[in-house]
Amino acid sequence: MASAGAGGGAAGEGEWLKVAELRAVVQAQDPRAKEVDNLTLRRFLRARDHNVEKAAAMFLKFLKWRREAAPDGFVPEERVRRELAQDKAWMGGVDRSGRPILVGFLARHYSADRDMPEYKSFVVYFFDKICARIPRGQEKFLAIVDLQGWGYANCDVRAYIASIEIMQNYYPERLGKALMINVPYIFVKVWKTMIYPFIDTNTRDKFVFVEDKNLHETLRQEIDETQLPEYLGGKMPLIPLKDYVQQPESA
């Protein structure tokens with residue numbers, strides 16, 4: 001069983017035995033679980049602190065959700081064309097751990113223009129794209145969330161909570177870290193009072209609010225200059241998500 005962990009990070013024999021137990025439970029209730037690999041099951045197991053019963057409930061809920069959210073196995077571009085046109089999600093390089101980088105610009109999102117079903121599909125679309133870039137031997141991605149220029153017109157608590165809940169419930173153990181940069185004071189207040197309570201304990205510490213005075217140092221601790229986005233002083237050009245769909249790496 002230990003060989004099942006190839007490329008998936010450190011795991012002990014006891015953990016793989018729990019993965020096998022989880023597989024038996026979920027396959028008995030939904031045959032489609034046979035199509036899912038052990039590393040995916042392990043992420044759900046870890047998200048529920050190795051409680052097989054809770055992990056099984058979480059995973060079975062995921063299978064049902066996935067059939068509804070992406071019945072063809074993916075979200076077609078046509079369904080999220082308006083969201084893609086806003087250029088609020090971009091692909092970057094990789095961090096020092098080899099995790100692919102996703103960059104989001106929250107000031108390009110306007111709550112008045114948002115259609116929630118399309119937005120949720122867009123969240124699935126970009127999570128699928130960034131997860132497809134994760135190389136063997138790595139299971140997580142790094143996000144840079146840039147709030148430069150964010151104001152009341154961009155404040156969309158419902159959308160933020162929806163994004164976090166989709167990530168927590170259906171992409172567990174995928175986010176390695178989210179660097180929140182250029183953060184205005186009012187956003188911090190919104191975050192603490194209206195968003196933070198909806199984030200589970202396994203996810204909260206992954207959101208790192210970077211002070212402006214420490215931005216340069218923090219970014220370079222996480223990302224080599226060759227992989228750091230050009231607009232943040234590095235050498236890596238960003239690719240808008242709407243253009244990245246044609247990139248062979250996303251396959």
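Residues numbered from 1 in each chain as written. Predicted model: local features only at pLDDT ≥ 70, side-chain atom pairs only at ≥ 80, totals over all residues. Heavy atoms only, no water.

Within an unreviewed UniProt entry, the label attached to the protein reads CRAL-TRIO domain-containing protein, and the organism entered is Urochloa decumbens.

Let's shift gears to the pairing of strand β1 (residues 89-94). Side chains on a regular strand alternate between the two faces of the sheet. β1 sits mainly inside the fold: five of its six residues count as buried. Where β1 lies against strand β2 (residues 100-105), four bridges are found, and the strand directions are antiparallel. Each residue of the ladder has a partner; that of Trp-90, found in β2, is Val-103. Between β1 and β2, which follow one another and run antiparallel, lie five residues, and Gly-98 among them has a positive phi close to 90°. (Buried < 20%, exposed > 50% of the residue type's maximum accessible area, 1.4 Å probe, protein only. Helix = DSSP H or I, 4+ residues; strand = E, 2+ residues; numbered from the N terminus. Pairing = 2+ DSSP bridges.)

Quick look at empty space enclosed by the protein now. In the structure shown here, the tally under the stated rule is three cavities of 30 Å³ or more. In this model, the largest cavity occupies a volume close to 510 Å³. What lines the largest cavity is a set of 26 residues, among which Leu-106, Tyr-119, Phe-126, Val-145 and Ser-163 lie closest to the centre. Only β2, α5 (116-132), β3 (141-146), α6 (157-170), β4 (175-181) and α7 (185-195) provide two or more residues apiece to the lining of the largest cavity. Its residues assigned to classes, the lining of the largest cavity comprises 22 nonpolar, three polar and one charged. Of the pockets and cavities examined, the second largest cavity occupies roughly 120 Å³. Counting only elements with at least two residues in the lining of the second largest cavity, the list comes to α6 and α8 (201-204). When the residues that make up the lining of the second largest cavity are grouped by side-chain class, the tally is six nonpolar, three polar and five charged. (1 Å grid on protein atoms, 1.4 Å probe; cavity = no way out; pocket = protein on both sides within 12 Å on 5 of 7 lines; lining within 4 Å. Points joined across faces, edges and corners; volume = space filled by probe spheres on them. Nonpolar A, V, L, I, M, F, W, Y, C, P; charged D, E, K, R; others polar.)

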